[in-house]
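Each chain, written out:
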Amino acid sequence: MIRPAEVWKDTSGKPIDAHGGGVLFHNGTYYWYGEIKQGKTYLPKENASWGGTRVDVEGVSCYASKDLLNWESHGNVLPAVSGGDLDPKKVLERPKVIYNAKTKKFVMWFHSDSLDYAAARCGVAVSDKPTGPFTYVKSFRPDVGQWPQGVTEDQKKDTKAAWVRDHEAGQMARDLTVFVDDDGKGYLFAASEDNATMHISELTDDYLGTTGKYIRIFEGRSMEAPTVFKRDGKYHLIASGCTAWAPNAARSCVADSIWGPWTEIGNPCEGDKANITFESQGTYVLPVAGKPGSFIFMSDRWNKDNLPDSRYIWLPIAFNDKGHAVLRWQDAWKP
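Notes on the structure follow. (Residues numbered from 1 in each chain as written. Predicted model: local features only at pLDDT ≥ 70, side-chain atom pairs only at ≥ 80, totals over all residues. Heavy atoms only, no water.)

1. Regarding the overall build of the protein
Scanning the protein for helices and strands turns up 2 helices and 23 strands. Computed over the C-alpha atoms, the radius of gyration of the protein is 19 Å, within 12% of the 20 Å expected from 2.2 N^0.38 for a compact globule of 335 residues. By its C-alpha atoms, the protein is 60 × 50 × 45 Å across when sized along the principal axes. For the protein, the proportion of its 335 residues judged to be buried stands at 54%. Put simply, of all contacts in the protein between residues at least 6 apart along the chain, 49% involve residues at least 24 apart. Total accessible area on the protein is roughly 14100 Å²; 48% of this is exposed by carbon and sulfur atoms. Across the protein, the 40 positively charged side chains and the 43 negatively charged ones have centroids separated by 2 Å. (Helix = DSSP H or I, 4+ residues; strand = E, 2+ residues; numbered from the N terminus. Rg over C-alpha atoms; globule rule 2.2 N^0.38 Å. Buried < 20%, exposed > 50% of the residue type's maximum accessible area, 1.4 Å probe, protein only. Contact = heavy atoms within 4.5 Å. Areas by Shrake-Rupley, 256 points an atom, 1.4 Å probe, with all protein chains shown as cover. Lys, Arg positive; Asp, Glu negative; His and termini not counted. Charge placed at Lys NZ, Arg CZ, Asp CG, Glu CD.)

2. Considerations on unusual backbone geometry
Glycine aside, residues mostly have negative phi angles, and peptide bonds mostly take the trans form. Following Gly132, the chain continues to Pro133 via a peptide bond in cis, the omega torsion being 0°. Here Pro133 shows up in the loop between strand E9 (121-127) and strand E10 (135-140). Residue Pro261 is bonded to the preceding Gly260 through a cis peptide linkage, with omega at 5°. Inspection of the secondary structure puts Pro261 in the loop between strand E17 (251-255) and strand E18 (263-266). A positive phi angle, close to 65°, is found at Glu279, a residue other than glycine.

3. Re the pairing of strand E11 (residues 176-180)
In summary, the side chains of a regular strand alternate between the two faces of the sheet. For E11, the tally of buried residues reaches 4 of 5 residues, placing the bulk of the element in the interior. Relative to strand E12 (residues 186-192), E11 is paired through 5 bridges, and the arrangement is antiparallel. Counterpart to Val178 in the pairing with E12 is Leu188. From the end of E11 to the start of E12, which pair antiparallel, there are 5 residues, and Gly184 there has a positive phi angle of about 90°. (Pairing = 2+ DSSP bridges.)

4. Describing the side chain of Thr227
For Thr227, the position within the fold is in strand E15 (residues 224-231). Excluding residues that lie within four positions of it along the chain, Thr227 makes contacts with His236, Leu237, Ile238, Gly282, Thr283, Tyr284, Val285 and Phe297.

5. Focus on the sheet that holds strand E1 (residues 19-26)
Spatially, E1-E2-E5-E6 is the arrangement adopted by the 4 strands of the open sheet, whose pairing is antiparallel. Whereas interior strands pair on both sides, the edge strands pair on one side only; in this sheet they are E1 and strand E6 (72-76). Here the strands of the sheet are splayed against their neighbours by 20° on average, with no regard to which way each runs. One ladder, built from 6 bridges, connects strand E2 (residues 29-35) with strand E5 (residues 60-65); its direction is antiparallel. (Axes fitted to C-alpha atoms, helices over the stretch in contact; angles between N-to-C directions.)

6. With respect to the sheet that holds strand E23 (residues 325-328)
Spatial ordering of the open sheet is given by E19-E23-E22-E21-E20, a layout of 5 strands whose pairing is mixed. Whereas interior strands pair on both sides, the edge strands pair on one side only; in this sheet they are strand E19 (269-270) and strand E20 (281-287).

7. Regarding the pattern of salt bridges
Opposite charge on two side chains permits pairing when their charged atoms draw close. Here the structure, examined in full by the defined rule, presents 20 salt bridges. In this structure, the salt-bridge partner of Lys156 is Glu153, at a minimum N-O distance of 3.0 Å. Remark: Glu153 and Lys156 occur in helix H1 (residues 153-156); sequence separation between them is 3 residues, near one turn of the helix. Among the charged side chains, a network of salt bridges with common partners joins Arg141, Arg165, Asp166 and Asp194. (Salt bridge = Lys/Arg side-chain N within 4 Å of Asp/Glu carboxyl O.)

8. Quick notes on the nonpolar core
Counting residues in each nonpolar core, the largest one holds 34 residues, and the members touching the most others are Trp32, Trp314 and Ile317. Secondary-structure elements contributing two or more residues to this core are E2, E20, strand E21 (295-301), strand E22 (311-319) and E23. Looking at which element gives the most residues to this core, the answer is E22, with 6 residues. When sequence neighbours within four positions are dropped, the list of residues in contact with Trp314 reads Ile2, Pro4, Trp8, Val23, Trp32, Leu68, Trp71, Ile296, Phe297, Met298, Ser299 and Trp333. (Core = buried A, V, L, I, M, F, W, Y, C linked by side-chain atoms within 4.5 Å.)

Right, here's the structure in full:
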């Protein structure tokens, strides 16, 4: 049984340490990747916008399972390295791994940042195996020198707009996820423009960068923690508001095309504590293998005073008569 918010242990009896993560299904096995939050705890700078304490991220963990219930640890597959982008006192958040069928590589994307969140970059690493080790490739801002789809010449002159300001340096990327469509094309969803607006960027064929084709969606809505899935030809996005470690009401959105238009349809949660997403924040939507149309909403119940003890909330996604996602609390359930 999946029991949300309880302490989940791996097959060796140790608590699972995979925060802000995602799951890849490959050749009959699920691989769960997440932030290892077992480092030192320290206070942020006084002007840090996200508040609370932080824990040094020691790297990215990997766990493997055949049934989504029993998880075997494969250790730290992208260890922290002092002095560079992977320094434990820098930011590494929301790791997601996708498989590239053309290159036969497993590609990890994550939010790479400075402690004050000013860098706002993507990080990329690769491996020949789902269990790693992953080799760090680079960090970067996406879509350098590129304009979003549908932009006008007058809009390009608005130097007060964050996306115009960042045109030459590349667009900001904080909370992010990556999504691979049925045709193998990959996309990056990232909170951009100082978190005010989300961007969707097309990935290169090798999934190691962006092509420069991107759009801006939900301008000024301040969405983060994006999770993306596809059902019956429609694209779904479930995200959160920006309230640091504190939970808030999730936002559900749909589109007929990855390039929009995207329509926000409200909070998918129902029942007690629906207004705070059952005290959690989304991190990934997992399609259940062999069960078309079945999805699991993965989220983290952040404990800002003890981040390693942040619990995992996994719930099945139901759908109403309009085809919109619905989330309801369950104390225990079988996938």
